[in-house]
Amino acid sequence: MGEHVIKLPDVGEGVAEAELVEWHVKVGDLVREDTVLAAVMTDKATVEIPSPVDGEILWLGAEIGDTVAIGSPIVRLKVAGEGNVKAAAAAAPEVKAPAEPAEAKPAPAAAPKATPKPTEAPKTIAAAPKAVRPATVSGAPRAEGEKPLASPAVRLRAREAGIDLRQVVGSGPAGRISHEDIDAFVARGPQLARATGLAQKDGVEDIKVVGLRRKIAEKMSLAKSRIPHITYVEEIDVTALEELRATLNKEKRTDRPKLTLLPFLMRAMVKAIGEQPNLNALFDDDAGIIHQHEGIHIGIAAQTPNGLVVPVVKHAEARDLWDCAVEVNRLADAAKAGTASREELSGSTITITSLGAMGGVATTPVINYPEVAIVGVNKIMVRPVWDGTQFIPRKMMNLSSSFDHRVIDGWDAAVFVQRIKALLETPALIFVD
């Protein structure tokens, strides 16, 4: 038998280190070749590390959340044959043999124990105190109608403290309640002893922020610390848009997906950006340069089981309504499955964020740094709208959009949102070039 050391391989992208985000094995596990051992993350790309050999896990070289340099040992296995013995020897810590014990010296003779004289009675050893019976907190401490046993002093103390002795569990003989039982009852909190079974909880779970969640936290902190946000909320009547969308979805065609609101919003944003290209930009505030892009690459913030990611619909200006819908669906599926590539999760020039049916009345979206604008979609609700003579039910939706106030003035932000509003409220204009 030998040992085989696995080092963190070069995961590409020119990185020198990666964060360990998940172990799939533990010490003592038997693994086969190609078994996934761990997952590491670089930027937003997660890479799985497989085992190149069969063997038994002897040692794991990092903890979740640790940053590991490329080429560092991360796993040691016991394998059949020699393995890569040299690497294993280099990685294994040297264990020194215990030193030979010094020549044993005879221990000093213990003083002889005093034995009682025959005429003396042996001393009585004090008995250990009885263990106090732990008080239970589930259900009532005694049967219905049973009176609690307690001394007058205990009853007086309970009365002054407003404690119902019927709810206190006694640890004395026959359930007699002592001052210690009162102390325990107060320490737990009265609500614990009620027959309802409710109990206060004092535990604290420490959850290490690692992987994608740490990346999200870093990016959000960067965006909020560097970008002075201005948020503009506008109400939009989407009744006509919803009627058009329902009509288009009735025409079932295998080459066309079901339309949601997003493709319409994307096309409206493309037209509005054509009139205000300064919204489709990245601000390099370190260099003091605004990179204004001709291609419109719309990021779609998506919630996945692993956290928030932003897959990007590239060149939305060159896509029609249905092509936008196809790409949104494809990217959303890849993001949720965790198979989206680095290229699909980067390169956006402006972002849409939507919580769907949970979108709330208004939000304050955080800009996807280093972009200068983000458009937030709130949920559609039927509201009464005054048409000049009466209130009529209309489908209304708010857009909550944030802008980098260093680059985008409030006036320009309002013009941009009002243009999107006009296009969504008269959706036929979306199709007019």
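Residues numbered from 1 in each chain as written. Predicted model: local features only at pLDDT ≥ 70, side-chain atom pairs only at ≥ 80, totals over all residues. Heavy atoms only, no water.

Digging into helix 3 (residues 179–188)
Taken together, the buried positions of helix 3 are occupied by Asp181, Ile182, Phe185 and Arg188. Around the axis of helix 3, the buried residues are gathered within 130 degrees of arc, so they sit on the same side. Facing away from the buried side of helix 3, by more than 90 degrees, are the exposed residues Glu180 and Ala187. Tucked into the core, helix 3 has its buried residues touching helix 2 (152–161). (Buried < 20%, exposed > 50% of the residue type's maximum accessible area, 1.4 Å probe, protein only. Helix = DSSP H or I, 4+ residues; strand = E, 2+ residues; numbered from the N terminus. Arc of directions from axis to C-beta. Contact = heavy atoms within 4.5 Å.)

Structural notes on the sheet that holds strand 8 (residues 73–79)
Across the sheet, which stays open at both edges, the four strands sit in the order 1-8-6-3 with antiparallel pairing between neighbours. Among the strands making up the open sheet, the edge pair consists of strand 1 (2–7) and strand 3 (30–31). Both strand 6 (residues 55–60) and strand 8 contribute to a ladder of four bridges, which runs antiparallel. Its bridge partner lying in strand 8, Trp59 is registered against Arg76. (Pairing = 2+ DSSP bridges.)

A look at the packing of aromatic side chains
Going through the model one piece at a time under the given rule, you end up with two aromatic pairs. Between Phe403 and Phe416, the aromatic rings sit 6.2 Å apart at their centres with planes inclined by 90 degrees, giving edge-to-face as the arrangement. Taken together, the residues span a long stretch of sequence, with Phe403 in strand 18 (residues 391–404) and Phe416 in helix 8 (residues 410–425) at a distance of 13 residues. The ring of Trp322 is capped by Arg256, whose NZ or CZ atom sits 3.9 Å from the centre of that ring. (Phe/Tyr/Trp six-rings, centres within 6.5 Å; stacked < 30°, edge-to-face > 60°. Lys NZ or Arg CZ within 6 Å of the ring centre and 35° of its normal.)

Here's the deal with the side chain of Glu234
Along the chain, the position of Glu234 falls in strand 9 (residues 229–237). This buried residue, Glu234, is left without a salt bridge; Lys421 holds the nearest opposite charge, at 4.4 Å. Beyond its immediate sequence surroundings of up to four residues, Glu234 is in contact with Met397, Asn398, Leu399, Val417, Gln418 and Lys421. (Lys, Arg positive; Asp, Glu negative; His and termini not counted. Salt bridge = Lys/Arg side-chain N within 4 Å of Asp/Glu carboxyl O.)

Concerning the confidence of the model for the protein chain
Per-residue pLDDT for the protein chain averages 83, and the proportion of residues at 70 or more is 82%. Low pLDDT (under 50) marks residues 87–140, which in the prediction has 23 contacts with non-local residues, meaning those over four places away or in another chain. In the model, residues 192–196 has pLDDT below 50 throughout and makes 14 contacts with residues more than four positions away in sequence or in other chains. (pLDDT = per-residue confidence, 0-100.)

Considerations on the nonpolar core
Core analysis: the biggest nonpolar cluster contains 47 residues, and Leu265, Ile352, Phe416, Ile420 and Leu424 have the highest contact counts within it. Among the elements that make up this core, the one with the highest residue count is helix 6 (residues 261–275) (10 residues). Excluding residues within four positions of it along the chain, Leu265 makes contact with Ile352, Val375, Val377, Leu399, Ile420 and Leu424. Among the nonpolar cores identified, the runner-up in size contains 19 residues, and Ile6, Trp23, Ile49 and Ala62 belong to it. (Core = buried A, V, L, I, M, F, W, Y, C linked by side-chain atoms within 4.5 Å.)

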